[in-house]
Amino acid sequence: MPIMPRNEEHLSPTTEAIHQLLKILCHDFTTDLSSSLATLPAHSSLRFKINAEICIHSPDTQETEGAHGPQIHLGSIDLCQSELQQYLRDQSTGHVSTTAVSNCVDMESGRTSIRCEDTVSSIAQNQPSNVGTSPARTHVSEDHLHDSGSHLYKRRKTTGGLRVRQVSTVERSDNYVTPASTGSSTARQLQTKSREFPQRKKKNDEGVHHLQPSSIEKFVAGVWKQMFSSVELTPVSLDNPYDATIVGSGCNIEAFRAINSLCLRVTRMSRCSRALETIIQAHWVDCFEARVKAIGVEQPFLSNTETKMAALREACTVLQWSEKELRNKLSIWRGYKEIKDAGGWASLVFAGSGIYRFCKYRVGFGENLATRLERLQPSLEVAADTIHPEWRRLLSIIGQESQILYPGHPHDWVVCDVGKPIPLRSTYTQWFPDFQFTHLDDSVLDQVEWGTDDPRCMSSTRATLCNTCGHFQSNNFSCNECRCFPELYGACKTPIPIQVFRTPLGKNNGLIARCEFPRGSAIGEFIGLITKGMDGTDVMQSGDNEKRYQIYQGKLGNYTRFINHSCAPNSQFQKFCWLGSERIILVSRGVEAGAEITVDYSNEYWEGLDKECLCGESCCRYLKKKAQPTAVAISFR
Ligand SMILES: C[S@@+](CC[C@H](N)C(=O)[O-])C[C@H]1O[C@@H](n2cnc3c(N)ncnc32)[C@H](O)[C@@H]1O
């Protein structure tokens, strides 16, 4: 919103102060910038940061001096384009290149712009910056900087935690790290895009008809969702009852915390009871059918219907329901049993609350459901055993407790479309007989190469303002205001819904999405050994000209190690800064549940690989290479 008052004569003191502040911000500092830049050598990653500082004003002088207060980061401009740098240098020497001007104006959506983060607009509106909302940025375009009388502040529309920039091919090639620029020619290097986040899809649904997921899809999605949630299946008691007296007249923070923790306990309790209820009811159907058979043997003169009615009557005397009521319930409980028979107990334990409606209306029930669940059963058990090892204990209530089949880490098992899951290590022993993979939650520093100097640290201080949204970052999620990638940083974490799977096309293992990853959401951080100087092996190359580093994942890291290439990928690697440390994030471009997650490894990677691409896309760029007997040639140190 424009906030420069037009009529300067009737300004309130507050508005006048704001007006002064804006005038300072409108100052044309291109001359200062140009001459400063002229003293520096050309560099591919220069950035002009605009900070403001609150100083303690001495009453004796007009100038500020003495103690310095906190700094506010107002924004920054990328000077990484060589044309822009040249243009500014030319300015300081009085030489103006018209091509450079047009280039630099064209670079970002038609304009090169300076970002003034929320801080500015918040000060201007005399209100605190948005906490907990999506970041909004005010952009001041370069041509407006030369025109201090114009309305300067245009708020860009934001669609979520991330804002995508249109990046020109010139900028993109600067951000890409090529083997030549790193001095290494043989390492096969994965690439990141440094600031080009995939934009969340705009919703424009008017008049558009979408196919809705079928009830089977919804049911299966609900099971996976619960599986990868923080659901607790050990019965919770309410020993520590809620102290209603602390609420007082209003809901202060303590009272609010108390009701939140009560709510959490009750929700956990009810989820656990819901799981128990469905498994007991499915088991009841098994027992009922066995009882019908037994009555048939005891009283062979009864018809089938009569034996069933006899068993129902026996049940009703204990349950204290009418026969009609029990028959109605029985039809739903039969649904639970069918799901259990096809998908195993895990599919029932982790079914969401939608299971009741699904079994009541039975839309999509039948062979399709049974085939689908039978194929999913082993994958569901891998997730249940590794993420919720306590789940099988629930079955002891109905005498069905069993041993954990898939112990260990969720990614120690490779799930298959047909057949049982196989141990991860066995999928590599043909190349590496003693293969072991160490699962890491955080990258580890190769101290032989780096000592204690983590090359990912972008400054000596742990910067706490997000480079992307400008909001405050903290590992303590009650203080964190940065809403970029909450799946990974500064929020409650739940397991990421992916599994390592056996690819059908000969690429060995790959990553399968168990739930949808909307465009722009994080799938994971690229975790591994932070090292340097590795050759002839797969590494992620990162850092800048001053500090190049590699992330090696061959035998240690996380699931991003298993992501395959596609010439039409559904995700990409992206740089992001968390608490002053550079991270590489796998960001979704829109991944559907059940799809293989893929990235584009880049030309640089494929140049170092004597192999044919098996992505199977019609636009495949690496098909013509010499085919190998097997697609897997992963080399490790
Ligand atoms: C980082 S690993 C990915 C996981 C790998 N599939 C595995 O089972 O360990 C990279 C290797 O996977 C294989 N790969 C990945 N994408 C491929 C593709 N589109 N076509 C053929 N092989 C591929 C290649 O052998 C490549 O060197």
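Residues numbered from 1 in each chain as written. Predicted model: local features only at pLDDT ≥ 70, side-chain atom pairs only at ≥ 80, totals over all residues. Heavy atoms only, no water.

> Explain the overall build of the protein to me, please; I cannot follow it from the model alone.
Helix and strand content of the protein: 17 helices and 21 strands. Residue burial in the protein is summarised as follows: out of 637 residues, 45% are buried. Taking as baseline every contact in the protein between residues at least 6 positions apart, the subset at least 24 positions apart corresponds to 67%. (Helix = DSSP H or I, 4+ residues; strand = E, 2+ residues; numbered from the N terminus. Buried < 20%, exposed > 50% of the residue type's maximum accessible area, 1.4 Å probe, protein only. Contact = heavy atoms within 4.5 Å.)

> Is there a simple way to think about the packing of aromatic side chains in this case?
Note on aromatic pairs: each is described by the distance of the centres and the angle between the planes. Scanning the model with the defined rule gives 18 aromatic pairs in all. Relative to F228, the ring of W224 lies with its centre 5.8 Å away and its plane at 25°, an arrangement referred to as stacked. Residue W224 shares its accessibility class with F228, and that shared class is buried. Relative to W413, the ring of Y406 lies with its centre 5.1 Å away and its plane at 80°, an arrangement referred to as edge-to-face. (Phe/Tyr/Trp six-rings, centres within 6.5 Å; stacked < 30°, edge-to-face > 60°.)

> Where do I start with the environment of C515 in this structure?
Counting through the fold element by element, C515 comes out in the loop between β12 (509-513) and β13 (522-525). You can call C515 buried: its relative accessible area is 15%. Residues C515 and F228 lie 287 residues apart in sequence; the distance between their C-alpha atoms is 9.1 Å. When neighbours within four sequence positions are excluded, C515 is seen to be in contact with W224, K225, P497, E592 and A593.

> Sorry if this is basic, but what is going on with unusual backbone geometry here?
Negative phi values dominate among residues other than glycine, just as trans dominates among peptide bonds. Of note, F485 is a non-glycine position whose phi angle comes to about 50°, a positive value. Relative to the helices and strands, F485 is located in the loop between α16 (447-450) and β11 (498-502). A positive phi angle is found at S602, which is not glycine, with a value near 85°. Within the secondary structure layout, S602 lies in the loop between β21 (596-599) and α17 (603-607). Judged by its relative accessible area of 7%, S602 is buried.

> How do you make sense of the site of the ligand when you look at a structure like this?
Every one of the 23 residues lining the ligand counts as a neighbour, but Y428, K507, N564, K611 and L614 are closest to it. H565 is positioned such that a nitrogen or oxygen atom in its backbone is 2.9 Å from a nitrogen atom of the ligand. L614 is positioned such that a nitrogen or oxygen atom in its backbone is 2.7 Å from a nitrogen atom of the ligand. Summarising the interface, the protein chains cover 98% of the accessible area of the ligand, which totals 550 Å² for the free molecule. Looking at the shell around the ligand, the elements with two or more residues in it are β18 (564-565) and α17. The residue makeup of the shell around the ligand, split by class, is 14 nonpolar, four polar and five charged. (Near = heavy atom within 4 Å. Polar contact = N/O pair within 3.5 Å; in protein donor to acceptor, adjacent residues only side chain to side chain. Areas by Shrake-Rupley, 256 points an atom, 1.4 Å probe, with all protein chains shown as cover. Nonpolar A, V, L, I, M, F, W, Y, C, P; charged D, E, K, R; others polar.)

> Explanation requested: the sheet that holds β18 in the structure shown.
Paired through backbone hydrogen bonds, the strands of a sheet run either parallel or antiparallel to each other. Within the open sheet, the four strands sit side by side as β11-β12-β21-β18. Their pairing is mixed. Each edge of the sheet is formed by a strand with only one pairing partner; in this case those strands are β11 and β18. Across five bridges, the pairing between β11 and β12 is antiparallel. Bridge pairing in β12 links V500 to L511. (Pairing = 2+ DSSP bridges.)

> Sorry, what's going on with the pattern of salt bridges here?
Any two side chains of opposite charge can pair, so long as their charged atoms come close to each other. Applying the stated rule across the entire model yields 20 salt bridges. Measuring nitrogen to oxygen at the nearest pair gives 2.8 Å for the salt bridge that ties R291 to E314. In this pair, R291 sits in helix α10 (residues 253-298) while E314 sits in helix α11 (residues 304-319), placing the two residues 23 residues apart along the sequence. With its nearest N and O atoms 2.9 Å apart, the salt bridge here joins R621 to D600. With R621 in the segment after α17 and D600 in the loop between β21 and α17, this pair connects stretches of sequence that are 21 residues apart. For R621, a relative accessible area of 39% puts it in the partly exposed group. Connected through salt bridges with shared partners, the residues D286, K337, K340 and D341 form a single ionic network. (Salt bridge = Lys/Arg side-chain N within 4 Å of Asp/Glu carboxyl O.)

> Help me out: how do you make sense of the pairing of strand β19 (residues 571-578) in this one?
For a regular strand, the rule is simple: side chains alternate between the two faces of the sheet. By the criterion of burial, β19 is predominantly enclosed, with eight of the eight residues buried. Along β19, one buried face is formed by S571, F573, K575 and C577 and the opposite face, lined by Q572, Q574, F576 and W578, is buried too. In this structure, β19 lies alongside strand β20 (residues 581-588), joined through eight bridges in antiparallel fashion. Looking at the pairing, K575 lines up with I584 of β20. Linking β19 back to β20 in an antiparallel pair, the connection comprises two residues, with L579 at a positive phi of about 50°.

> Got a minute to help me understand the pairing of β21 in this structure?
Along β21, one buried face is formed by E596 and T598 and the opposite face, lined by I597 and V599, is buried too. Pairing of β12 with β21 involves two bridges; the strand directions are antiparallel. Bridging from a neighbouring strand, I512 pairs with E596 of β21. Of the pairings in the sheet, the one linking β18 to β21 comprises two bridges and is parallel in character. Of the residues in β21, the one forming a bridge with N564 is T598.

> Would you mind going over the nonpolar core with me for this structure?
Judged by nonpolar contacts, the single largest core of 52 residues is most densely connected at F219, W224, M227, I279, I339, F350 and W391. Of the residues forming this core, the biggest block, 11 residues, is contributed by helix α12 (residues 323-349). Ignoring sequence-local partners within four residues, the contact set of F219 consists of I339, S347, A351, I355, F358 and L373. Grouped together as the second largest cluster of nonpolar side chains are 50 residues, Y428, I496, I551 and Y605 included. (Core = buried A, V, L, I, M, F, W, Y, C linked by side-chain atoms within 4.5 Å.)

> What am I meant to see in the packing of α10 against α11 here?
Working note: a packed helix pair is described by the angle between its axes plus the distance between those axes. Where α10 meets α11, the closest approach of the two axes is 9 Å, and the angle between their N-to-C directions is 125°. Classified by the interaxial angle, the pair formed by α10 and α11 is oblique. When the axes of α10 and α11 are compared, the crossing they make is right-handed. Contacts between α10 and α11 involve W284, F288, R291, V292, I295 and G296 from the first element and T307, K308, A310, A311, L312, E314 and A315 from the second. (Axes fitted to C-alpha atoms, helices over the stretch in contact; angles between N-to-C directions. Parallel < 35°, antiparallel > 145°, perpendicular 65-115°, else oblique. Left-handed = near helix turned anticlockwise from the far one by under 90°.)

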